[in-house]
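# Secondary and tertiary structure notes
Chain by chain, the residues run as shown.
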Amino acid sequence: MRYERYELNAEADLMFYEFKSDGPKGEVTKLIEYTETELKGFYNLGFGDKDPCTGKINDAVITNNGDSKKVLSTVASSVYKFTNNYPNAWIYAIGGTKARTRLYRIGIANNLKEIIQDFDIYGFKNGEWREFEKNVDYGAFLVRRKSVNSYHE
Amino acid sequence: MNKKDINTIKNPVVHIDKSLTKYKGKVIFKEKLEKANKMLKTYGVPKSAQKPS
């Protein structure tokens, strides 16, 4: 994945990340959260916009700042960073809306050749987890790092 | 590590921001976490989740 990325700021345990999207709508602060689920070793990836007035995080808002690929690339870099430090973690991801889930699917599909070098990727469809394939509409995703020692571009 | 290996997508430079400590111990996306828990409890995980990669 060779798109530009935003710089990431993170909390010391690397569970929370912030970055600023910059575009026609101005500067928008975005937050990424990795939270362990009730299933040990499985982490939910949360992602949304921070409201500058209330400080609340919204994962269903459509920012429309003209930088969706750059934003996705930034989120992807956080997945690498997180799994560099938590190499046995599984990451569960679903969009705040169906449209956003579809955006994730397209992002994965467009970069699948690179991604599968480093991750096992599964999509959820019809009640079961399957190895990710292009052109299949999935409802959720699970990824796991294959090996932390093989990150060479 | 070579200079070219720094700040790639696979090895991004991440700045530790002490102001983000305010989030530590909190769950921001509670609804999504609840849905994730429900999904994993109901449908389980891929079979390969039981064996190392």
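Treat the numbers as computed from the prediction; the structure is a model and nothing was measured. (Residues numbered from 1 in each chain as written. Chains lettered and ligands numbered in written order. Predicted model: local features only at pLDDT ≥ 70, side-chain atom pairs only at ≥ 80, totals over all residues. Heavy atoms only, no water.)

### What to know about the interface of chain A and chain B
Taken together, the contact between chain A and chain B spans 54 residues of the former and 35 residues of the latter. On the surface where chain A and chain B come into contact, there are two salt bridges. A salt bridge links Asp-13 of chain A to Lys-24 of chain B; its shortest N-O distance comes to 2.9 Å. Broken down by element, the residue count for the side of chain A that touches chain B peaks at seven residues, all from strand E4 (residues 42-50) of chain A. In the side of chain A that touches chain B, the residues fall into 24 nonpolar, 14 polar and 16 charged. Pairing geometry for strand E1 (residues 8-10) of chain A and strand E1 (residues 14-16) of chain B, over three bridges, is parallel. Bridge pairing in E1 of chain B links Asn-9 of chain A to His-15 of chain B. (Contact = heavy atoms within 4.5 Å. Salt bridge = Lys/Arg side-chain N within 4 Å of Asp/Glu carboxyl O. Helix = DSSP H or I, 4+ residues; strand = E, 2+ residues; numbered from the N terminus. Nonpolar A, V, L, I, M, F, W, Y, C, P; charged D, E, K, R; others polar. Pairing = 2+ DSSP bridges.)

### Looking at the packing of aromatic side chains
Two descriptors summarise a pair of aromatic rings, namely the distance from one centre to the other and the angle between the planes of the rings. Residue and element names in this part refer to chain A. Scanning all chains against the criterion turns up 17 aromatic pairs over all chains. Here the aromatic rings of Tyr-6 and Phe-19 are separated by 5.8 Å at their centres, their planes lie at 20 degrees, and the arrangement is stacked. Of this pair, Tyr-6 sits in the segment before E1 while Phe-19 sits in strand E2 (residues 16-23), and the two are 13 residues apart along the sequence. Note on accessibility: Tyr-6 and Phe-19 belong to one class, buried. Ring geometry for Tyr-43 and Phe-82: centres 5.1 Å apart, planes at 70 degrees, overall edge-to-face. With a gap of 39 residues between them, Tyr-43 in strand E4 and Phe-82 in helix H1 (residues 68-85) connect regions that are remote in the sequence. Neither residue differs from the other here; Tyr-43 and Phe-82 are each classed as buried. One aromatic cluster is present, built from ring pairs that chain together Tyr-17, Tyr-34, Tyr-43, Phe-82 and Tyr-86. (Phe/Tyr/Trp six-rings, centres within 6.5 Å; stacked < 30°, edge-to-face > 60°. Buried < 20%, exposed > 50% of the residue type's maximum accessible area, 1.4 Å probe, protein only.)

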